[in-house]
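Working through the structure, step by step
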Amino acid sequence: MTQIKRVPNIENVITNINQEKEKINLAFVDCSGSIKYEDFQAFLSEILNFKNAFNSMGKPSEKFMIVFADHSVKGEPIEVNEVNITQYMNGRLPFLMGGGSDLSNVIKQATQLNFFKDKKINSLLCFTDLLDNPPKFKDLGLSKDTLIAYIAAPTTTTKYQEIKEKFTEEVKDYAKVVNIGEGVEVIVKQNNNISPYKSKI
């Protein structure tokens, strides 16, 4: 009689299949020296809009985290809620703003923080004035099915339109670039949070 070979560690295999990683939406906020105070305020307000929009899509279980950075990440990720966003908008920040910027490096720093090691980043929303070299996808440390968008600051859309156009061209294969105030409508409509750009990467 033929013996049936038992798959080694089958219980662990089944457990790994069934244990889906916790899904996270990450708001990355550029707080370098070129960011104007009114831009920063607009960023925070828009982050709340995104959180509320995702919740209204029936995804309140997905955490919405925020990371601040200039040339380096400032502290640990913080879960977004109306209380802490209001505190930040009133100037009670856990860090000092200013310094240079290095989007590629600090986004990768952020995505590799210990907090995210056992989690799936569904979306990265990067709030910035775009006054830095456009990051290459390969440098960000993200999976190809991550929805990625750069949300342009108010002063960028009024003063630096050429820069925005160049930035948009450089990242078009993996990300959207949208004006602040338009992002929720443009991005949240992709309610499966799967990047439409992955086939181009």
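This one's a predicted model, so the numbers in the text were calculated from it and none came from an experiment. (Residues numbered from 1 in each chain as written. Predicted model: local features only at pLDDT ≥ 70, side-chain atom pairs only at ≥ 80, totals over all residues. Heavy atoms only, no water.)

Pairing analysis gives four bridges linking strand β2 (residues 63–69) to strand β3 (residues 73–79), with the strands arranged antiparallel. Following the sheet pairing, A69 is matched in β3 by V73. Counted between consecutive antiparallel strands, the loop separating β2 from β3 contains three residues. (Pairing = 2+ DSSP bridges. Helix = DSSP H or I, 4+ residues; strand = E, 2+ residues; numbered from the N terminus.)

What follows concerns the pattern of salt bridges. With the rule as written, the count across this model stands at seven salt bridges. We note a salt bridge from D70 to K74, for which the minimum N-O separation is 3.2 Å. For D70, a relative accessible area of 2% corresponds to the buried category. Residue K120 pairs with D145 through a salt bridge whose shortest N-O separation is 3.2 Å. (Salt bridge = Lys/Arg side-chain N within 4 Å of Asp/Glu carboxyl O. Buried < 20%, exposed > 50% of the residue type's maximum accessible area, 1.4 Å probe, protein only.)

Relative to the elements of secondary structure, S123 occurs in strand β4 (residues 119–128). Polar side-chain contacts of S123 include one of 2.7 Å to the side chain of N25. Those residues in contact with S123 that lie beyond four places of it in its chain are I24, N25, L26, F54, T146 and L147. (Polar contact = N/O pair within 3.5 Å; in protein donor to acceptor, adjacent residues only side chain to side chain. Contact = heavy atoms within 4.5 Å.)

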